[in-house]
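# Topology and contacts: notes
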Amino acid sequence: MTLEALASNELPTFLIYDTISATPLHHPEASSTPSLLFDEAGGGDGVSSLGLAHSAPAMLGGLAPAGQGRRKRRRRPRSCKNKEEAESQRMTHIAVERNRRRQMNEHLSVLRSLMPESYIQRGDQASIVGGAIDFVKELEQLLQSLEAQKRTLQQQKGKAEKTPRIEPGSSSSNTDDTDSPPFAQFFAYPQYVWCHAPRDYPPPENRSAVADVEVTLIETHANLRILSPRRPGQLLKMVAGLQSLRLTILHLNVTTLDSMVLYSLSTKVDEGCHLTTVDDIAAAVHHMLSLIEAEVSALSQ
């Protein structure tokens, strides 16, 4: 059929039909063209429905999965009571912590006021506590020195001769200073007894110990008190022996009275030290003192 043979009133219909039938084959992206051409030609609702039906699956296909994927889960409403309890606990914790810090600051202020300014290098907490430790150790040294001087004055005035002399190893049940052994107040429960018996306990029968040795241990810090006869070179050998045992000396006080000497040591138990209890440390120190005594005795002969 040629174009000239067609009547004038059939041309629009041919063009529309050709466009509709050719669009899906040659122009897949121009699905909206038939509707526009049909409306311009006044075709009716049939082709418009076809255009909507052709585009509807694409629109539904894009919206349906999105709607299913965005479906939200229902969350259970939190109980108001749990919120109130949590808030109450939080406020209580804050109040307790604030009160603890306030008390700590007050105690540090009082502690700082009790110490000379020379013991406080800075105003921070570590410096105040460190200065307090040094100050207490110096007071302990002063107290030991005053007791030694008191003993010396008593002996000079003859008071020691009027009372029975206390031999090493005797009991210290009498509370009078003149009757008690020297430095008795610095020993509570010594592990090895030479001069001082443990308080509230009868003196042990075995008195072969070469010194009074008392050890207290708190975490990794050990305090030692040793009362022994004065021996030449004993302090140097004892310091070297403690270092070999991995006990680092932090503070050391030495007080002498006649032929006796009192050592007060604060040590730190280093890593690798096999001494884990007070009995182990006391036994090691007593063994070291025994070796020193044997060496001194061998040299004196």
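Residues numbered from 1 in each chain as written. Predicted model: local features only at pLDDT ≥ 70, side-chain atom pairs only at ≥ 80, totals over all residues. Heavy atoms only, no water.

### Points about the overall build of the protein chain
- Each helix and strand in the protein chain was counted, giving 8 helices and 4 strands.
- The order of α-helices and β-strands along the protein chain, N terminus first, is α-α-α-α-α-α-β-β-α-β-β-α.
- Counting every position in the protein chain, which comprises 301 residues, the buried fraction comes to 28%.
- Relative to all contacts within the protein chain whose residues are 6 or more apart in sequence, the contacts with residues 24 or more apart total 56%. (Helix = DSSP H or I, 4+ residues; strand = E, 2+ residues; numbered from the N terminus. Buried < 20%, exposed > 50% of the residue type's maximum accessible area, 1.4 Å probe, protein only. Contact = heavy atoms within 4.5 Å.)

### Notes on the pairing of strand S2 (residues 221-229)
- Looking at chain direction, strand S1 (residues 212-218) and S2 are connected through 7 bridges and run antiparallel. Across the sheet, residue Val 215 finds its bridge partner in S2, namely Leu 224.
- Hairpin connection between S1 and S2: a loop of 2 residues separates the two successive antiparallel strands, and Glu 219 in this loop has a positive phi of roughly 55 degrees.
- Here 9 bridges tie S2 to strand S4 (residues 260-269), and the two strands are oriented antiparallel to one another. Bridge pairing in S4 places Ser 228 opposite Val 261. (Pairing = 2+ DSSP bridges.)

### Notes on the pattern of salt bridges
- By the definition in use, this model includes 9 salt bridges.
- Glu 87 is the partner of Arg 90 in a salt bridge, and the nearest nitrogen-oxygen pair spans 2.8 Å. Of the two residues, Arg 90 and Glu 87 both sit in helix H4 (residues 80-114), 3 residues apart, roughly one turn of that helix.
- Residues Glu 97 and Arg 100 are paired through a salt bridge, measuring 2.6 Å at the closest nitrogen-oxygen approach. Of the two residues, Glu 97 and Arg 100 both sit in helix H4, 3 residues apart, roughly one turn of that helix.
- Take Glu 97: its relative accessible area is 24%, and that puts it in the partly exposed class.
- Through salt bridges that share partners, Glu 97, Arg 100 and Arg 101 make up one connected network. (Salt bridge = Lys/Arg side-chain N within 4 Å of Asp/Glu carboxyl O.)

### A word on the side chain of Lys 137
- Note that Lys 137 resides in helix H5 (residues 125-157).
- Given the relative accessible area of 19%, Lys 137 is considered buried.
- Residues in contact with Lys 137, not counting those within four places in the same chain, are Asn 223, His 251, Asn 253 and Ser 266.

### A look at the packing of aromatic side chains
- Under the defined criterion, the tally for this structure stands at 2 aromatic pairs.
- Ring centres 6.4 Å apart and planes at 50 degrees place the aromatic pair Phe 183 and Phe 186 in the tilted group. Comparing Phe 183 with Phe 186 shows no difference in burial state: the two are buried. (Phe/Tyr/Trp six-rings, centres within 6.5 Å; stacked < 30°, edge-to-face > 60°.)

### Considering the packing of helix H7 (residues 234-244) against helix H8 (residues 278-300)
- Running from N to C, H7 and H8 point in directions that differ by 140 degrees, and their axes come no closer than 10 Å. Taken together, the axes of H7 and H8 lie oblique to each other. Once H7 is placed against H8, the crossing between them reads as right-handed. Contact residues: Gln 234, Lys 237, Met 238, Gly 241 and Leu 242 in H7; Val 285, Met 288, Leu 289, Ile 292 and Glu 295 in H8. (Axes fitted to C-alpha atoms, helices over the stretch in contact; angles between N-to-C directions. Parallel < 35°, antiparallel > 145°, perpendicular 65-115°, else oblique. Left-handed = near helix turned anticlockwise from the far one by under 90°.)

### Points about H8
- For H8, spanning 23 residues, the distance from its first C-alpha to its last is 33 Å, which sits close to the expected 33 Å at 1.5 Å a residue.
- Residues of H8 that are buried: Ile 281, Ala 282, Ala 284, Val 285, His 286, Met 288, Leu 289, Ile 292 and Val 296.
- Its buried side turned inward, H8 meets S1, S2, H7 and strand S3 (247-257). (Expected span 1.5 Å × (residues − 1).)

### Some details on the sheet that holds S1
- Reading across from one edge, S1-S2-S4-S3 is the order of the 4 strands in this open sheet, with antiparallel pairing throughout. The sheet is open, and its two borders are formed by S1 and S3, each paired with just one other strand. Between one strand axis and the next, the sheet turns by 10 degrees as a mean value, whatever way the strands run.
- H5 contacts S2, S3 and S4 of the sheet and is inclined by roughly 20 degrees relative to S3.
- Taken strand by strand, H7 contacts S2, S3 and S4, and its axis lies near 160 degrees from that of S3.

### Thoughts on the nonpolar core
- Of all hydrophobic cores here, the largest spans 25 residues; its most connected members are Leu 224, Ile 226, Leu 242, Leu 247, Ile 281, Val 285 and Leu 289.
- Counting residues per element, the ones that place at least two in this core are S1, S2, H7, S4 and H8.
- Grouped together as the second largest cluster of nonpolar side chains are 10 residues, Cys 195, Leu 227, Met 260 and Leu 262 included. (Core = buried A, V, L, I, M, F, W, Y, C linked by side-chain atoms within 4.5 Å.)

Geometric descriptors of this kind do not, in isolation, establish any biological role.
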